[in-house]
Amino acid sequence: MVERIQDVIGKYEERVRSMENVPKCSYNRRMLRSDGGPNRFFFCYLFCDNVMATEFLKEIGLLRKTMQCDSCGRDMTWSVRSKLHDGFIWRCRRRVAGAKCDRSTSIRHGSWFQLSNLTLHEIMLLTYDIVHHEPAHQIQNEYSFGGHTVTDWGMFCRETMLVFLEGCSVKIGGPNKTVEIDESKFGRRKFHKGHPVKGQWVFGGVERESGETFLVPVKDRTADTLMAIIRDWIEPSTTVISDCWGAYRSLGSQGYTHHTVNHSIHFVDPDTGAHTNTIESTWRRVKVFLGQYNRGDDYEFHLAHYMFVTRCKAQGVSPFVQFLHLVANTDWSQYQSSPATARAT
């Protein structure tokens, strides 16, 4: 549970602040963000003590607490290896038929850390910045990471968010519920200046009563495309409000109550009061979050990042702590390649 990880972070934050060489914060400030998650100070000082850091990673579930030998099937032991970046290794010292097994394996085996050659400290800081949507160029400059490193690990993190959202998403709307729908193009040139940009169309909907949202990249805005998404995401008997785009004409015959607003005349229909202000404000927030990102081939991952962060904030949960919870509860033994190729394999 997220609450358990939050408790572990709180416990180790107190231990870190009590370390002899850690400077005191003014006004007894803690090494926690306003959302309850850890801040950069926490990780920088935590990894000054490698033993404490690995204990922390095991306790929140990012490193395995036990490991079985793939040769003899017995439990392996945690051994110090100061020459290794990780500082530890799993080792089997059992005797089988009079012979010493002596197998060893990385403490990263079966964890998400096995997907990177960075140090544990670097991975935690890189993940922290990616989840909190720091610009890629700023991460590169801050830690001297290569561009491919930041890009690949960022895609890995966003893929994890997308899988989570796909697993917990439900239809929105229903009787006595109102959903605003609209399409918006991302990546257009500002003031029609600069190099040509193909852009990406995104179709979305927002339930007024709950704020629940769906955002789907689309290749076109035809009736076949948009109506299929509407059926996938919006419950029948929902009151649906849209503009006058022709693709929505059949909504009334598909089990929905359909109201429209003609934006070329007014923003709020004077007769029905229909408007799409909620979804329009959503587009503004999404475009600020995504910035000038224009690559349509993986747009769904970046939309998933926005949806993940928005969902966490609405639930009062730290996005980073929620992400650690997802990682800790995923079986990484099936991934044997880099984050960039893990999906394809």
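Here the structure is a predicted model, which is why all the values come from computation and not from measurement. (Residues numbered from 1 in each chain as written. Predicted model: local features only at pLDDT ≥ 70, side-chain atom pairs only at ≥ 80, totals over all residues. Heavy atoms only, no water.)

Burial analysis of helix α10 (residues 319–328) places nine of its 10 residues in the buried class, the great majority of the element. Within the sequence span of α10, burial applies to Pro-319, Phe-320, Val-321, Gln-322, Phe-323, Leu-324, His-325, Leu-326 and Val-327. Structurally, α10 contributes buried residues whose contacts are with α1 (2–17), α2 (40–46), α4 (120–131), α6 (147–168) and α9 (299–314). (Buried < 20%, exposed > 50% of the residue type's maximum accessible area, 1.4 Å probe, protein only. Helix = DSSP H or I, 4+ residues; strand = E, 2+ residues; numbered from the N terminus. Contact = heavy atoms within 4.5 Å.)

Now for the side chain of Lys-58. As for its placement among the helices and strands, Lys-58 is situated in helix α3 (residues 50–59). Buried Lys-58, no salt bridge; nearest opposite-charge side chain is Glu-55, N-O distance 7.0 Å. Beyond its immediate chain neighbours, meaning those up to four positions away, Lys-58 contacts Leu-63, Arg-64, Lys-65 and Trp-78. (Lys, Arg positive; Asp, Glu negative; His and termini not counted. Salt bridge = Lys/Arg side-chain N within 4 Å of Asp/Glu carboxyl O.)

The residue Tyr-27 is not glycine, and still its phi comes out positive at about 55°. Looking at the secondary structure, you find Tyr-27 in the loop between α1 and α2. Here Asn-176, not a glycine, exhibits a phi torsion of approximately 65°, which is positive. By the element assignment, Asn-176 lies in the loop between α6 and β6 (178–186). You can call Asn-176 exposed: its relative accessible area is 77%.

For the rest of this paragraph, the subject is the environment of Trp-153. Along the chain, the position of Trp-153 falls in helix α6. Linking Trp-153 and Gln-334, residues 181 residues apart in sequence, is a C-alpha distance of 17 Å.

The subject of this paragraph is the nonpolar core. Formed by 77 residues in total, the largest nonpolar core has its most connected members in Phe-43, Leu-46, Phe-56, Trp-112 and Met-124. For this core, the element with the highest residue contribution is α9, accounting for nine residues. Each residue touching Leu-46, except ones within four places of it in the same chain, is listed here: Tyr-12, Val-16, Met-52, Ala-53 and Phe-56. Residues Phe-203, Leu-226, Ile-229 and Ala-247 belong to the second largest nonpolar core, which totals 17 residues. (Core = buried A, V, L, I, M, F, W, Y, C linked by side-chain atoms within 4.5 Å.)

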